[in-house]
Amino acid sequence: MALEAEAKRMVAEFEYTAEDVNKGVKEFIREMEEGLEKQGTMMSQIPTYVTSVPNGTEKGVYLAVDLGGTNFRVCSITLHGNQSFSLQQSKVPVPRTLMEAKTSHELFHFLAKQIEAFLKTHHKDHFEKHRKGSVEEGEFFDLGFTFSFPVNQVGINKGHLMRWTKGFDIQEAIGQDVCGLLQKEIDVLGLPVRVAALVNDTVGTLMARSYTSPGKHKTLIGAIFGTGTNGAYVEKLEKVKKMKAIEEAEGGKANYDSSTGLMVINSEWGSFDNALKVLPNTPYDIDLDRESVNPGIQMFEKRVSGMFLGEILRRALLSLHQHPDEGIALFKDASSHDNDIRSTTTVAEDSALFKQWGIDTSFLSIVEEDQSDHLRITKQTLEKELKIEAASTEDCVAVKMLVHAIGKRAARLSAVALGGVVLSTNKLQEEEMVDIGVDGSLVEYYPGFEEYIREAFREIEGIGEEEKRIRIGLAKDGSGLGAALIALVAHNSD
Ligand code: ADP
């Protein structure tokens, strides 16, 4: 019982009340607006130069490529115009030597070669026709380029690489326009392809959902709850006050279609409230941040996304395991009994409980889901993943309580971001229904994640019962379908 009482006290530390949610939403809207007005703010609110979203009637064949880390993916997407599409794709690992090549030419030549091979296999006719010189430039494939590294985007198909991450290191590429680099190598090979758009994965999610969402309804937000968290949404162009200053810095009017009066904004909400004015901050959050590679940065993401929830849990469990009072401590049961077999709980010295990042967020999903007798599944998972043998049922109950508290807090924080965008755009007033597309393992697999978001929506002043008019749907394949759709709108706005 003592353990349960202590676990309850810790659970209370993760409580994120209705009042907290409302405070969070207010601050979120304030930071959104600040980010639209000037540059260098906490939430970057980056204009993407995408100025319309699809409604599912679009047609055509488009190419999409995705360079995000280990693999390079090439695909072609055929939009059937009835919210459906078909997709062909190839995927190759990027050779390590190219990740650290001397010149960008070596890497981008490799990428262009993959596109050539893909066209030869999947679009032979078009490829051959082009070889014979009978493909007009207007018939070139438009390509959407998902490039998941920090870029300073200055046009729909123009963006300068700020720095490499994820093991890439080609100094010479820094500062260069990555679309230009790819186009150059495509042209050297003489392929009938135009790099039409530089794609951010959240914008891809927004576009993919908007094309596939039921009832030809256009989507307001594309949000990712995976390794990290971020969202893109449709803003009124007139509210993007900093647009002029951005264009002036680039030496004149950027090339985009302003006639729609809209601009898709990549919010970069992972860094919402880095100043910690409203975000919850338990001892476990504080320690996680202090020992992370980027203390003080991405504070919202560190409480919400898949990369971090496992680590928050690990720190909470470890603190309970190391509780000074042995009668309270977790995993220290000297005589736990399960089916009449008496055994002692043991935690292996090399248990992942003692290693930073030792617990994956999928562990939380398993425990949250567990309805088995005496939490048998949790017990087995503790054994398998953390080398904790014969945990008592009381231990497992405490673990489950903490898992639930951390997962639910993450979902309620997610509602702050989504609710903030819904309210600030005034969409509940303007539309019968507000559509949100989501992607990422956390929202896809964590049991009840959407329901906890909805529960929090109902507590937000200005949403309340209107929560029923917010539709949330899974939007897969932002870097394939989504990128193709961005290439399409880029072409149409030329
Ligand atoms: P990415 O965001 O990198 O494109 P994912 O959407 O698959 O990829 O997210 C990966 C993250 O999701 C990892 O941090 C992982 O810990 C977490 N994750 C993987 N499986 C699950 C699961 N079943 N439940 C909750 N989180 C998960």
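These figures come from a predicted structure and were not determined experimentally.

A. Layout of the pattern of salt bridges. Going through the model one piece at a time under the given rule, you end up with 32 salt bridges. One salt bridge connects K23 with E19, and the closest N-O pair in it is separated by 3.9 Å. Of this pair, K23 and E19 both sit in helix α2 (residues 18-37), 4 residues apart, roughly one helical turn. On the basis of relative accessibility, which here comes to 49%, the residue K23 falls in the partly exposed class. E19 gets classed as exposed once you look at its relative accessible area, which sits at 56%. Here K113 ties to E116 by a salt bridge, and the two come within 3.3 Å at their closest N and O atoms. You can see K113 and its partner E116 sitting in helix α4 (residues 104-122), 3 residues apart, about one turn around the helix. Residue class for K113 comes out partly exposed when judged on its relative accessible area of 36%.

B. Representation of the site of the ligand within the structure. Taken together, G226, T227, G306, M307, D360, T361, S362, S365, G440, S441 and Y445 make up all the residues around the ligand. T227 has a polar side-chain atom sitting 2.6 Å from an oxygen atom of the ligand. Here a nitrogen atom of the ligand sits 2.5 Å away from a polar atom, N or O, in the side chain of S365. A total of 570 Å² of accessible area belongs to the ligand in isolation, and the protein chains cover 64% of it. Among the elements of the structure, α11 (306-321), α12 (361-369) and α16 (441-445) are those that each provide at least two residues to the shell around the ligand. Looking at the shell around the ligand element by element, the count peaks at 3 residues for α12.

C. Representation of the packing of α4 against helix α6 (residues 178-189). Closest axis-to-axis distance for the α4/α6 pair is 8 Å, and the angle between their directions is 60 degrees. With respect to each other, α4 and α6 are oriented oblique. Considering how the two elements wind past one another, α4 and α6 form a crossing that is right-handed. Of the residues in α6, those in contact with S104, H105, F108, H109, L111, A112, K113, I115 and E116 of α4 are V178, L181, L182, E185, I186 and L189. Classifying every residue of the contact of α4 with α6 gives 9 nonpolar, 3 polar and 3 charged.

What counts, and at which threshold
Residues numbered from 1 in each chain as written. Predicted model: local features only at pLDDT ≥ 70, side-chain atom pairs only at ≥ 80, totals over all residues. Heavy atoms only, no water. Salt bridge = Lys/Arg side-chain N within 4 Å of Asp/Glu carboxyl O. Helix = DSSP H or I, 4+ residues; strand = E, 2+ residues; numbered from the N terminus. Buried < 20%, exposed > 50% of the residue type's maximum accessible area, 1.4 Å probe, protein only. Near = heavy atom within 4 Å. Polar contact = N/O pair within 3.5 Å; in protein donor to acceptor, adjacent residues only side chain to side chain. Areas by Shrake-Rupley, 256 points an atom, 1.4 Å probe, with all protein chains shown as cover. Axes fitted to C-alpha atoms, helices over the stretch in contact; angles between N-to-C directions. Parallel < 35°, antiparallel > 145°, perpendicular 65-115°, else oblique. Left-handed = near helix turned anticlockwise from the far one by under 90°. Contact = heavy atoms within 4.5 Å. Nonpolar A, V, L, I, M, F, W, Y, C, P; charged D, E, K, R; others polar.

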